[in-house]
There are 2 protein chains.
Amino acid sequence: MPTIQDVARRAHVSTATVSRVLSTPEVVSEATRERVMAAVEALGYEPNYAAKSLRTLRTAKIVVTVPDISNPFFSSVIRGAEEAAQGAGYSVLLGDTRHSTEREEQYAGMLRRKEADGLIFLGHRLPDTLAELIGRQGAKAPVVNGCEFSPDLGVSSAHIDNAAAATEAMDLLYGLGHRTIGVITGPLASPLSRDRLAGVWTAAARHGAEAGLRIATGDFSVESGEREAESLLAAAKEPTALFCFSDEMAMGALAAARQRGRRCPDDLSLVGFDDIRFARYLEPALTTVSQPMEDLGRTAVALLLDILRGGQDAPRSVTLPHRLVVRGSTGLARR
Amino acid sequence: MPTIQDVARRAHVSTATVSRVLSTPEVVSEATRERVMAAVEALGYEPNYAAKSLRTLRTAKIVVTVPDISNPFFSSVIRGAEEAAQGAGYSVLLGDTRHSTEREEQYAGMLRRKEADGLIFLGHRLPDTLAELIGRQGAKAPVVNGCEFSPDLGVSSAHIDNAAAATEAMDLLYGLGHRTIGVITGPLASPLSRDRLAGVWTAAARHGAEAGLRIATGDFSVESGEREAESLLAAAKEPTALFCFSDEMAMGALAAARQRGRRCPDDLSLVGFDDIRFARYLEPALTTVSQPMEDLGRTAVALLLDILRGGQDAPRSVTLPHRLVVRGSTGLARR
DNA sequence: TAGAGTGATGTAATCGATTTCATAAACGCG
DNA sequence: CGCGTTTATGAAATCGATTACATCACTCTA
């Protein structure tokens, strides 16, 4: 428990000098510097975080809120974010909101209490607290949206071109001869789900195949994928391909197809979204839209740090590249 | 940015009274209380976190360090930890150490700087910083090990009985007639890997089948599972079953088996460990030791909070129940 | 030589909250 | 009524760091 007073006493200097040696050593003479550092080391001194934060008005913390940390997509995004934050001298306060507005508001309150310098939310909903802050500060509000792009929110964001990615996935299926295609979306409250769905319609229109689309709404979970695939595959005009807006849902859909005796890709082609770590180890290996998840996290942090540095006058939107990865789950349409 | 001074001025009381209204309202008269609360609301006042933390010597933060947040086992543990922490008024600082000693030490430094009140590490390695702290404070050091049990570390821990779980998994395989069994362990620096391996040997001895064991060392990743399974399946005396110390490795092993034309469970039975969310959706659905991952996180947090409350005189070890979940990946031995 | 500029350091204020100690008023009991 | 106890509140200290402003010593230039 040594304080700066102990160091100053031991080194026969003032606390201001100790502070300077630690923060701006170039303004302190070498002899003094050495004396101070010897005292610091002898005492094992480290500045008290709260005292420093109170004086400097800086917490060196960012809050990252996420609907579910155990979702493999989000956990990878957070991995990238944590790395970028740490590299820049920031720590990540993790907020698993479990899709709860109340929890979202609680974590947003951290900005107000000066408990964190900035916040990244990995979801589509902007808590009221943050909306007010943005209303007041505009683009200077230290808030970034990760993975979603909602221009009306007035916040910076990092994301892929979800519409184009979905169009590509659908083009692949149409190119394989599929005409009746099931699409399992995420929740349509989410702009990224809506963008992907728009991309689906774009491709369908391009191929004159709108009538063959079968849309079902999932929630990105493996369970909803299974459930919605069951419904789609039970239909009178059964799809020969499924496009799921997450790999998790694709895994659930794959299980449902198997349950009905459908072979993938012979009877049913399957496309996922995300390219989570296990996608290539499935049987068959999953064709999927690959998102640079860790890069999304890193980019979100970079945007936030730029805001904190005063470098942004308007909300910025960074679109990262996606990639359609064709593996064994897609094949020629049979019928 | 109102301060407590603004509230006190507006309510015509001292700052001490404002503080009391917020922290110990029962010692303040109702009339005064109402006046203060009206001022608080009118001004939108919220106490400055750093000032409060500096005075109270409490951060209401715990650090959780994890080797890889995107590993589905760890992300689930962290989910439980975050929930328990939040419920108790604490926030989680996430430290993804990426298996780096240096990062582990950096996060451990948060305790020294009074940047966090306590720390949970989800790994087997105790950073020097923490070892020193424990050397000094013993069981009162606010440090908990999650998922591992190393009695010599002198820290409290939450874990399952890894040896018993492994024994059960092996018993299942022996019961199905398997005699040549491959085991893909985690890194043997880790006590949980060693415990599981001990359990493996216990079962092998019980069945007089030590000679039929084929041990390979993985690192819990899907890639190492694939790689080690390839080696094991390339052996002259090929195992009829594989027991992998994580579901991830089991998925890699499954892919390797398929690559070699082995059918699971007909040619090769497979047992994993963890029961991650996708285990049941694999083909075949994975037989695995189910760990209560979120409960592990919750329990670790409960242990830490107990330490912080001064409630522990000696390191405690909480063993949570595991369960062997038999699914389609295990079947009778063919040869 | 005198004055201006630079480098180095110290004193005291500052950040904003909580809590200790003191004091006054009210209450209850003998 | 007097005294002891309880309730309520305020002033000032405290938490531990940073930094603004002042001062001194030294150097350089006109």
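Please read these numbers as outputs of a predicted model, since none were measured by experiment. (Residues numbered from 1 in each chain as written. Chains lettered and ligands numbered in written order. Predicted model: local features only at pLDDT ≥ 70, side-chain atom pairs only at ≥ 80, totals over all residues. Heavy atoms only, no water.)

A. Just helix H5 (residues 72–87) of chain A, in detail. Residues and elements named next belong to chain A. In this model H5 runs 23 Å from its N-terminal to its C-terminal C-alpha over 16 residues, within 8% of the 22 Å that 1.5 Å per residue would give. Burial of H5 is extensive: 13 of the 16 residues sit out of reach of the surface. N-cap assignment for H5: the residue whose side-chain oxygen lies 2.7 Å from the backbone N of Phe 73 is Asn 71. Looking one or two residues beyond H5, the residue adopting positive phi is Gly 89, at roughly 85°. (Helix = DSSP H or I, 4+ residues; strand = E, 2+ residues; numbered from the N terminus. Expected span 1.5 Å × (residues − 1). Buried < 20%, exposed > 50% of the residue type's maximum accessible area, 1.4 Å probe, protein only. Polar contact = N/O pair within 3.5 Å; in protein donor to acceptor, adjacent residues only side chain to side chain.)

B. Highlighting the domain arrangement of chain A. If you check the domain split of chain A, you get domain 1 (4–47), domain 2 (59–160 + 293–321) and domain 3 (162–291). Relative to domain 3 of chain A, the C-alpha centre of domain 1 of chain A lies at a distance of 62 Å. (Domains from an automatic or database assignment.)

C. Layout of the sheet that holds strand E12 (residues 323–325) of chain B. Residue and element names in this part refer to chain B. Read from one edge to the other, the open sheet built from six strands follows the order E7-E6-E8-E9-E10-E12, with strand pairing classed as mixed. Sheet topology places strand E7 (213–217) and E12 at the edges, where each strand pairs with a single neighbour. On average, adjacent strands in this sheet sit at an angle of 15° to one another, irrespective of strand direction. Here four bridges tie strand E9 (residues 269–274) to strand E10 (residues 287–290), and the two strands are oriented parallel to one another. Within E10, the residue paired with Val 271 across the bridge is Thr 287. On top of the sheet, helix H10 (residues 222–233) reaches strand E6 (181–185), E7 and strand E8 (241–244); it is set at about 150° to E6, its chief contact. (Pairing = 2+ DSSP bridges. Axes fitted to C-alpha atoms, helices over the stretch in contact; angles between N-to-C directions. Contact = heavy atoms within 4.5 Å.)

D. View of the protein's contact with DNA strand D. Looking at DNA strand D, there are 25 residues lining it, with Ile4(A), Ser19(A), Thr17(B), Arg20(B) and Thr32(B) nearest. If you look at DNA strand D and keep only atoms within 4 Å of the protein, 61% of those are sugar or phosphate atoms. Interatomic distance of 2.5 Å between a side-chain N/O atom of Arg20(B) and a base oxygen of DNA strand D. In this structure, a phosphate oxygen belonging to DNA strand D sits 2.2 Å away from a side-chain N or O atom of Thr32(B). Where the surface near DNA strand D is concerned, the elements lending two or more residues are helix H2 (15–23) and helix H4 (49–56) of chain A together with helix H2 (15–23) and helix H4 (49–56) of chain B. Residues belonging to the surface near DNA strand D are distributed by class as follows: ten nonpolar, ten polar and five charged. (Near = heavy atom within 4 Å. Nonpolar A, V, L, I, M, F, W, Y, C, P; charged D, E, K, R; others polar.)

E. Representation of the UniProt feature "domain: HTH lacI-type" (unreviewed entry) in chain A within the structure. UniProt records the feature "domain: HTH lacI-type" (unreviewed entry) at residues 2–56 of chain A, using the numbering of this structure. With 71% helix and 0% strand, residues 2–56 of chain A has end C-alpha atoms that lie 20 Å from one another. (UniProt positions renumbered as here; feature names shortened; annotations may be inferred.)

F. Summary view of the protein's contact with DNA strand C. Residues in close proximity to DNA strand C total 27 residues, the closest being Thr17(A), Arg20(A), Thr32(A), Ile4(B) and Ser19(B). Near-protein atoms of DNA strand C (within 4 Å) split between backbone and bases, with sugar and phosphate holding 59%. Take Thr17(A): an N or O atom from its side chain is 2.6 Å from a phosphate oxygen of DNA strand C. Here a base oxygen of DNA strand C sits 2.7 Å away from a polar atom, N or O, in the side chain of Arg55(A). Listing elements by their share of the surface near DNA strand C, those giving two or more residues are H2 and H4 of chain A together with H2 and H4 of chain B. Considering each element in turn, the surface near DNA strand C owes the most residues, five residues, to H4(B). Grouping the amino acids of the surface near DNA strand C by side-chain chemistry returns eleven nonpolar, ten polar and six charged.

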